[in-house]
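Breakdown of the fold
Residues per chain, in single letters:
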Amino acid sequence: MISVLFVCLGNICRSPVAEGVFRMLVEEHGLSSQITCDSAGTSSYHIGDLPDRRTRENALEHGLTLTHRARRMTGEDLAQFDYLVAMDEANFEAIQNLSHRSLGLYSDENTFLLREFDPVVNDEPSVPDPYYEDAEVFEQVYQIVHRCCLQFLTYLIERHELIPANDSPSASTSVRK
């Protein structure tokens, strides 16, 4: 089982959307028995909270119900997850700092910025934080996350030579590159 942790600051906007979108894509491609995911924050601002109301409303418009409760990333996550995917450079650095404090439990080669997988915009490293923004930015974040998660899934399929389950409606369709 390949495990992925999506990471942002408070774990109420970007990373829960990434978790929900990625889980949906994994299911659509018949890979639920091979890939699992979760999300966490690098801060403790919102521990136990549902995703931001605007995040949940936007996700619902796209058919996703987000029920994840915010949690803070721990050193144990470094050992538990195969891949850590940060929403911006500050959270990427927080992952690296936690890794160094945890005596190198995690390899940086499996830590990515989500936008590294953006097929549209290659010069912007961060998924924008919509917390202090209006509904349009939440939609922008959803679109960025969706296209990046699809490309990240393609990367995992190719890297691990994953084969979709036969009973998946999308099992016969290939992942777009």
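So, how was this worked out
Residues numbered from 1 in each chain as written. Predicted model: local features only at pLDDT ≥ 70, side-chain atom pairs only at ≥ 80, totals over all residues. Heavy atoms only, no water. Core = buried A, V, L, I, M, F, W, Y, C linked by side-chain atoms within 4.5 Å. Buried < 20%, exposed > 50% of the residue type's maximum accessible area, 1.4 Å probe, protein only. Helix = DSSP H or I, 4+ residues; strand = E, 2+ residues; numbered from the N terminus. Contact = heavy atoms within 4.5 Å. pLDDT = per-residue confidence, 0-100. Expected span 1.5 Å × (residues − 1). Polar contact = N/O pair within 3.5 Å; in protein donor to acceptor, adjacent residues only side chain to side chain. Arc of directions from axis to C-beta. Pairing = 2+ DSSP bridges. Axes fitted to C-alpha atoms, helices over the stretch in contact; angles between N-to-C directions. Parallel < 35°, antiparallel > 145°, perpendicular 65-115°, else oblique. Left-handed = near helix turned anticlockwise from the far one by under 90°. Nonpolar A, V, L, I, M, F, W, Y, C, P; charged D, E, K, R; others polar.

1. Comments concerning the nonpolar core
Judged by nonpolar contacts, the single largest core of 37 residues is most densely connected at Phe6 and Phe22. With 12 residues, helix α5 (residues 135–160) is the largest single contributor of residues to this core. If sequence neighbours within four positions are ignored, Phe22 has contacts with Val4, Phe6, Ile35, Cys37, Cys149, Phe152, Leu153 and Leu156. The next biggest cluster of nonpolar side chains, apart from the first, holds 12 residues, and it includes Met73, Ala86, Leu98 and Leu113.

2. Description of the confidence of the model for the protein
Chain-level statistics for the protein give a pLDDT mean of 91 and a share of 90% at 70 or above. Low pLDDT, under 50, characterises residues 170–177; the predicted model gives this stretch 17 contacts beyond four residues in sequence or across chains.

3. Some thoughts on helix α1 (residues 14–28)
For α1, spanning 15 residues, the distance from its first C-alpha to its last is 21 Å, which sits close to the expected 21 Å at 1.5 Å a residue. Most of α1 is tucked away: 12 of the 15 residues are buried. All buried positions along α1 are accounted for by Arg14, Ser15, Pro16, Val17, Ala18, Glu19, Gly20, Val21, Phe22, Met24, Leu25 and Val26. Looking at the packing, one finds that the buried side of α1 touches β1 (2–8), β2 (35–41), α2 (53–61), α4 (89–101) and α5. Of the residues flanking the end of α1, it is Gly30, one or two places downstream, whose phi is positive at about 65°.

4. Some thoughts on the side chain of Asp52
Looking at where Asp52 falls in the secondary structure, it is placed in the loop between β2 and α2. The exposure class of Asp52 is buried, given its relative accessible area of 12%. Within the local environment of Asp52, its side chain forms a polar contact with the backbone nitrogen of Arg54, the two atoms lying 2.8 Å apart. When sequence neighbours within four positions are dropped, the list of residues in contact with Asp52 reads Ile12, Cys13, Tyr131 and Phe138.

5. Some remarks on α2
Of the residues making up α2, those classed as buried are Thr55, Asn58 and Ala59. The buried residues of α2 occupy one face: seen down the axis, they fall within an arc of 100°. Seen from the open side of α2, the exposed residues pointing more than 90 degrees away from its buried face are Leu60 and Glu61. Tucked inside the fold, the buried residues of α2 contact α1 and α5. For α2, the side-chain oxygen to backbone nitrogen distance between the N-cap and Arg54 is 2.8 Å, and the N-cap itself is Asp52. The first or second residue beyond α2 is Gly63, which carries a positive phi of 85°.

6. Concerning the sheet that holds strand β4 (residues 111–113)
The parallel open sheet is built from four strands, whose spatial order is β2-β1-β3-β4. The open sheet has two edge strands, β2 and β4, and neither has a second partner. Within the sheet, the average angular offset between the axes of one strand and its neighbour, ignoring direction, is 25°. On the sheet, α4 packs against β1, β3 (83–86) and β4 and is oriented at approximately 170° with respect to β4.

7. So, the packing of α2 against α5
Between two packed helices, what matters for the description is the angle formed by their axes and the separation of those axes. One way to put it is that α2 packs onto α5 with a least axis distance of 10 Å and a crossing angle of 60°. For the element pair α2 / α5, the angle class is oblique. The two elements α2 and α5 cross, and the hand of that crossing is right-handed. Where α2 abuts α5, its residues Arg54, Thr55 and Asn58 lie against Phe138, Glu139 and Tyr142. Partitioning the contact of α2 with α5 into residue classes produces two nonpolar, two polar and two charged.

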